[in-house]
Amino acid sequence: MGVVLEHRFSFYYWIKCKQDLRYDRCARQWIPDREFVPPDLVTMDWHDDIGGDCDIIEDKLRRLDQSNESEVGLFCWAGLRSLNDGHVFPAVWLNAIGDVYAIIKQRDWSEKSEWIVTDRYGKEHKIRYCRSPNGFLKARHKCDSPPGLIWDLDLDFFTESEQVPDRRYAPSLSDKAIARSLDAKQEWVQEILWNLEAITIALEPEYTGGLIGRASCRER
């Protein structure tokens, strides 16, 4: 599990997960990067942080030493968008993530909800936008032999509204409401837990009422 303040630093843990999964402990050897089958990503976010082609600067990504945790951490800080809205595309291009299921609250649903991204090795990855967690489940069931999953949570997903004068005071859902939304009895939650490889959680205090606000909030 990786817990970060700013969402783009989840990239660090996705690369770390890739490095861990690439090592075959039974055979005591590394799976070649080109042959590695990465886990899919389920990301739950208020904002669309997926990014686009402009976030794939190939020469920088090719030079990134993914086995060097310090270098990957520095790249998160200086090489990814400081607005924390462009870190998924580079991870897909590096084959650290397979397909992406993006459960986004803030989205113009008149836009295309699925497209193909080609990674550095020419393999295709699908980016799918889902209106709800059940939409993810329906899309997942259409896949043959789907791989494991990384569950990525931006805590602003659990805020009531973003239409407030100061995002530091965005009202959070109550603890009970959050617990109900993540009830493990739900089929989509079970699908994730049965196939879970890693969890990343972005606190994003600027969009969730601030660290003090979250620590002191009371159940409504």
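Calculation criteria
- Residues numbered from 1 in each chain as written.
- Predicted model: local features only at pLDDT ≥ 70, side-chain atom pairs only at ≥ 80, totals over all residues.
- Heavy atoms only, no water.
- Phe/Tyr/Trp six-rings, centres within 6.5 Å; stacked < 30°, edge-to-face > 60°.
- Helix = DSSP H or I, 4+ residues; strand = E, 2+ residues; numbered from the N terminus.
- Buried < 20%, exposed > 50% of the residue type's maximum accessible area, 1.4 Å probe, protein only.
- Lys NZ or Arg CZ within 6 Å of the ring centre and 35° of its normal.
- Pairing = 2+ DSSP bridges.

1. As for the packing of aromatic side chains
Alright, step 1. According to the stated counting rule, one finds eight aromatic pairs in the structure shown.
Alright, step 2. Ring centres of Tyr-101 and Phe-136 lie 5.1 Å apart, and the angle between their planes is 75 degrees; this geometry places the pair in the edge-to-face category. Residue Tyr-101 is found in strand 5 (residues 100-104), and its partner Phe-136 is found in helix 5 (residues 133-141); the two are separated by 35 residues along the sequence.
Alright, step 3. Taking the relative accessible area as the measure of exposure, Phe-136 reaches 0% and is therefore buried.
Alright, step 4. Where Trp-151 meets Trp-188, the ring centres are 6.0 Å apart and the plane angle is 90 degrees; that geometry is what we call edge-to-face. Separated by 37 residues along the polypeptide, Trp-151 in strand 8 (residues 149-154) and Trp-188 in helix 7 (residues 187-194) bring together distant segments of the chain. As far as burial versus exposure is concerned, Trp-151 and Trp-188 are alike and both buried.
Alright, step 5. A network of ring pairs unites the aromatic residues Phe-89, Trp-115 and Tyr-129 as a single cluster.
Alright, step 6. In this structure, Lys-105 packs its charged tip against the face of Phe-157, placed 4.7 Å from the ring centre.

2. Here we look at the pairing of strand 9 (residues 196-202)
Alright, step 1. Counting buried residues in strand 9 gives five out of seven residues, a clear majority hidden from the surface.
Alright, step 2. As paired strands, strand 1 (residues 2-4) and strand 9 are joined by three bridges and run parallel to one another. Pairing of Gly-2 across the sheet is with Thr-200, part of strand 9.
Alright, step 3. Summarising the sheet, strand 8 and strand 9 pair through six bridges and their orientation is parallel. Bridge pairing links Ile-150 to Ala-198 in strand 9.

Bear in mind that shape data such as this cannot, by itself, settle questions of function.
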